[in-house]
Amino acid sequence: MMNLAHFSHQRLAHASRLAAWLCAGVLLSGCSAGVGVGIPIGPFSIGVGVGTGGVNAGISTGVGPVGVGVGVNQRGAVSAGAGVGASTPIGNSNARVGVGVGTSTTIYDPDQHR
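Nothing here was measured: the structure is a model prediction, and the numbers come from that model. (Residues numbered from 1 in each chain as written. Predicted model: local features only at pLDDT ≥ 70, side-chain atom pairs only at ≥ 80, totals over all residues. Heavy atoms only, no water.)

### Brief notes about the confidence of the model for the protein
Averaged over all residues, the pLDDT of the protein is 75; the fraction at 70 or higher stands at 70%. Strand S4 (residues 66–73) holds the highest mean pLDDT among the elements of the protein, 90, whereas helix H1 (residues 4–25) holds the lowest, 49. Segment residues 4–8: pLDDT under 50, and 2 contacts once partners within four positions in sequence are set aside and those in other chains are kept. Contacts from residues 21–29, a stretch scored under 50 in pLDDT, to residues over four places away or in other chains number 3 contacts. (pLDDT = per-residue confidence, 0-100. Helix = DSSP H or I, 4+ residues; strand = E, 2+ residues; numbered from the N terminus. Contact = heavy atoms within 4.5 Å.)

Here you go:
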């Protein structure tokens, strides 16, 4: 019988491989990587992250493995995105670690409006 920790680890491993393959397939399209922290507030999460595109702050929400969000980067460009991912708890805490893959589009760029 498989315990819950092993199942969560398997989901994370499968999601990691899926994300790696999807990123490899879209390298020419601008796949990026980063790390961030989100604080859940009701059905939303307020977060800040650092990635290949710089520092970002945003708000997101999701149901199951699917999430959507809006963020702003250090230049003031606003992006909207959607993605899918998986996470697993870290020890006995409320903290989680996960991986995901998604897509985003810039909906406002201050450099384009000068």
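### As for the pairing of strand S3 (residues 54–63)
The sheet contact formed by strand S2 (residues 44–51) and S3 spans 8 bridges and is antiparallel. Bridged to glycine 49 within S3 is asparagine 56. Adjacent in sequence and paired antiparallel, S2 and S3 are bridged by 2 residues. Between S3 and S4, which follow one another and run antiparallel, lie 2 residues, and glycine 64 among them has a positive phi close to 60 degrees. (Pairing = 2+ DSSP bridges.)

### A look at the pairing of strand S5 (residues 78–89)
Pairing geometry for S4 and S5, over 7 bridges, is antiparallel. Across the sheet, the residue bridging to valine 70 is alanine 80, located in S5. Following S4, the chain reverses through 4 residues before pairing antiparallel with S5; glycine 76 in that reversal takes a positive phi of roughly 95 degrees. Counted along the chain from S5 to the antiparallel partner strand S6 (residues 96–108), the turn is 6 residues long, and its residue glycine 91 has a positive phi close to 60 degrees.

### Description of the environment of serine 79
Secondary-structure assignment places serine 79 in strand S5. Sequence spacing of serine 79 and threonine 106 is 27 residues, and the spatial spacing of their C-alpha atoms is 4.2 Å. Among all residues touching serine 79, those that are not within four sequence positions of it are Gly69, Val70, Gly71, Thr105, Thr106 and Ile107.

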